[in-house]
Amino acid sequence: MSMQMINPYNDAVVETIAESSRQDVLDAIGRAVRVQDEMAHTPAWQKAEILMRAAQIIKDREEELAQQIVQTIGKIIRHARSEVKRCVETFGFAADAARNLHGETIPLDAARTGVGKTGYYIRVPVGVIGAITPFNFPLNLVAHKAAPAIAAGCPIVLKPSPPASATALALKSILQEAGLPDGAFEVVVGDVDVGKWLTTDPRIAMLTFTGSPPVARAISEIAGLRRTTFELGGNAAVVINDDAVVSDNLINKLVVGAFAFSGQVCISVQRIYIHEAIYDDVRQRMIEVTEKLTIGDPLQQGTDIGPVISDAAAERIKSWIEEARQSGAVVLTGGA
């Protein structure tokens, strides 16, 4: 089976990728298990060097990676370049962490029987990590999973969102070039079934997921005693009091916060509460700035808003606008 990466702006086929079968997922986890001991005993300096080499390769390939992000998920080129830059920083932070992971020495004389005694702990890798990431930051959110796992000495098996698969595979290739052992970062490609095969495998020691609360609940129900980390959807409000300085910078920040990547960001501005004394002014200035935004080809430097990820996403947004209208909302600009 194969999966086509479709450009959401023009429906062109960007790339065709093999979809992972159940056996592919089992094999990927098996390769991660086999390299587990090697990763656990890799010294801190060596992990840090791998991470820094990866950061440099990503920096050197900024434009190539940015173009891939634009063509596979429709993010505008300015924001795609910013994501690549942020990914370089993420790997740098992880390299710093690799050098500084340590335990602690603890005096035990808080209890009478502990006088003259000292305890200590050290940090050891938890084991193979199973990770699932969304489409909206196809490079840096994968880096948020892979780079810390490598710093801690843990192999990782990643299932990216299908539209983001090409970028995840590109990062895998970069990490191999940087010197990461085979099996230490595996990528499995597919949809819900692939996620189930990954999360239910008992060889996975920890599950980490970025996405929606319903999926996180389902993962938590099957995780059992295994460790989990979840980064879930936001619900971001802005409050503007009457003593706020209503500057051009404020208005621009609100508009960018609302419309960056067509709103497909977990910290997008979702609602704004404005004091009645300044409400009319803020509303009118937001309309004026919003109407200056350029909608179009995300590869063009001057584009502010590109496509959403799929037709289904577009239909869902249209349904929300209509629901708001029926509930009494007034559409001040756009709305089609």
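None of the values given here were measured: they were computed from a predicted structure. (Residues numbered from 1 in each chain as written. Predicted model: local features only at pLDDT ≥ 70, side-chain atom pairs only at ≥ 80, totals over all residues. Heavy atoms only, no water.)

## A short note on the nonpolar core
Step number 1: Formed by 56 residues in total, the largest nonpolar core has its most connected members in Leu-51, Ile-58, Phe-91 and Phe-185.
Step number 2: The element contributing the most residues to this core is helix H5 (residues 77-100), with eight residues.
Step number 3: The contact partners of Leu-51, leaving out residues within four places of it in the chain, are Phe-91, Ala-94, Ala-95, Ala-98, Ala-147, Ile-150 and Ala-151.
Step number 4: Counting residues in hydrophobic clusters, the runner-up holds 16 residues, among them Val-128, Val-194, Ile-204 and Ala-216. (Core = buried A, V, L, I, M, F, W, Y, C linked by side-chain atoms within 4.5 Å. Buried < 20%, exposed > 50% of the residue type's maximum accessible area, 1.4 Å probe, protein only. Helix = DSSP H or I, 4+ residues; strand = E, 2+ residues; numbered from the N terminus. Contact = heavy atoms within 4.5 Å.)

## Here's the deal with the pairing of strand E9 (residues 227-232)
Step number 1: Pairing geometry for strand E8 (residues 206-211) and E9, over six bridges, is parallel. Across the sheet, the residue bridging to Gly-211 is Leu-232, located in E9.
Step number 2: Each parallel crossover has a hand, and the one from E8 via helix H9 (residues 213-223) to E9 is right-handed. (Pairing = 2+ DSSP bridges. Right-handed = clockwise from strand over helix to strand, strands pointing away.)

## Remarks on the sheet that holds strand E5 (residues 129-133)
Step number 1: With parallel pairing, the five strands of this open sheet are ordered in space as E7-E6-E5-E8-E9. Looking at strand neighbours, the two that pair on one side only are strand E7 (185-187) and E9, the edges of this open sheet. For this sheet, the mean inter-axis angle between neighbouring strands, taken without regard to orientation, is 15 degrees.
Step number 2: Direction of pairing for E5 relative to strand E6 (residues 156-160): parallel, over a ladder of five bridges. Looking at the pairing, Ala-131 lines up with Leu-158 of E6.
Step number 3: Each of E5, E6 and E8 is contacted by helix H8 (residues 192-199), which is oriented at about 155 degrees to E5, the strand it contacts most. (Axes fitted to C-alpha atoms, helices over the stretch in contact; angles between N-to-C directions.)

## Overview of the packing of aromatic side chains
Step number 1: One pass over the full model with this rule turns up two aromatic pairs.
Step number 2: Ring centres of Phe-135 and Phe-261 lie 6.1 Å apart, and the angle between their planes is 65 degrees; on these two criteria the pair is classed as edge-to-face. Of this pair, Phe-135 sits in the loop between E5 and helix H6 (140-152) while Phe-261 sits in the loop between helix H10 (248-259) and strand E11 (269-274), and the two are 126 residues apart along the sequence.
Step number 3: One Lys or Arg, Lys-75, reaches over the ring of Phe-137 and ends 3.7 Å from the middle of that ring.
Step number 4: Geometry around Phe-261 places Lys-75 over its ring, the cationic atom sitting 5.1 Å from the centre. (Phe/Tyr/Trp six-rings, centres within 6.5 Å; stacked < 30°, edge-to-face > 60°. Lys NZ or Arg CZ within 6 Å of the ring centre and 35° of its normal.)

## Overview of the environment of Phe-91
Step number 1: Following the sequence through the fold, Phe-91 ends up in helix H5.
Step number 2: The exposure class assigned to Phe-91 is buried, which follows from its relative accessible area of 0%.
Step number 3: Residues Phe-91 and Pro-148, 57 residues apart in the sequence, show an inter-C-alpha distance of 8.2 Å.
Step number 4: Those residues within four positions of Phe-91 in sequence are excluded, and the remaining contacts are Leu-51, Ala-54, Ala-55, Ile-58, Ala-143, Ala-147, Leu-171 and Leu-175.

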